[in-house]
Amino acid sequence: MNANLTFIYDGECPFCNHFAELLELKSKINKISILDGRKNPKIIKSLLEKGYDIDRGAILLKGDDIFHGAEAINKICNQINNPSGKLLKLLSNIFKSDKRTNLLFPFLVRARRLALIAKGVPTSLV
């Protein structure tokens, strides 16, 4: 991999948080930074000014490229080769497909929103 990757997610979302932990611990992706958007409000505000709303999905930075939502999940899953965890292997296989990712992603966004509401946490990061 030539470019460094930065994966930005909502650390209060249990699904996002677990996926980020799996990426960090079991993905075997080199040169990746994983940032909790709630702990990095300046980055979130900067991305929002560019039109990337983390409330609508995770963000992946790869060099100068910005991927958002379903595209971010698809791109990061395509970077995963031989993960050491069964769940991450399953998720990466599912979300390596553009078609499956685009089909399932709206449900993930809704699940995130419901989980945050159930926890009593604001759904918006900014």
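Structure: above.
Bear in mind that the values here come from a model prediction, so they are computed numbers and not experimental data.

A.B. asks: Please provide a residue-by-residue account of unusual backbone geometry, values included.
C.D. replies: Its identity as a non-glycine residue notwithstanding, K31 has a phi of 55 degrees, on the positive side. Topologically, K31 is positioned in the loop between α1 (14-26) and β2 (32-36). Here K31 falls in the exposed class, since its relative accessible area comes to 53%. At N82, a position not held by glycine, the phi torsion is positive, near 60 degrees. By the secondary structure assignment, N82 is in the loop between α3 (70-79) and α4 (86-95). For N82, a relative accessible area of 62% gives the class exposed.

A.B. asks: Give a detailed account of the environment of V126, specifying residues and quantitative values.
C.D. replies: The topology assignment puts V126 in the segment after α5 (98-119). Relative accessible area serves as the criterion here: at 46%, V126 is assigned to the partly exposed category. Sequence separation of V126 and R38 is 88 residues, and the distance between their C-alpha atoms is 8.5 Å.

A.B. asks: Any details on the side chain of D53? Residues and values, ideally.
C.D. replies: In this fold, D53 is placed in the loop between α2 (41-49) and β3 (59-62). Setting aside chain neighbours within four positions, we find D53 in contact with L48 and H68.

A.B. asks: Give a detailed account of the sheet that holds strand β1 (residues 5-9), specifying residues and quantitative values.
C.D. replies: Here we have four strands laid out as an open sheet, ordered β2-β1-β3-β4, and mixed in their pairing. Looking at which strands have only one partner, the edges of the open sheet turn out to be β2 and β4 (65-68). Strand-to-strand, the axes of this sheet are offset by a mean angle of 15 degrees, without reference to chain direction. Of the strand pairs in this sheet, β3 and β4 are connected by four bridges, and their pairing is antiparallel. What sits directly across from L61, in β4, is I66. Set on the sheet, α3 makes contact with β1, β2, β3 and β4; between it and β4 the angle comes to about 110 degrees.

Thresholds applied
Residues numbered from 1 in each chain as written. Predicted model: local features only at pLDDT ≥ 70, side-chain atom pairs only at ≥ 80, totals over all residues. Heavy atoms only, no water. Helix = DSSP H or I, 4+ residues; strand = E, 2+ residues; numbered from the N terminus. Buried < 20%, exposed > 50% of the residue type's maximum accessible area, 1.4 Å probe, protein only. Contact = heavy atoms within 4.5 Å. Pairing = 2+ DSSP bridges. Axes fitted to C-alpha atoms, helices over the stretch in contact; angles between N-to-C directions.

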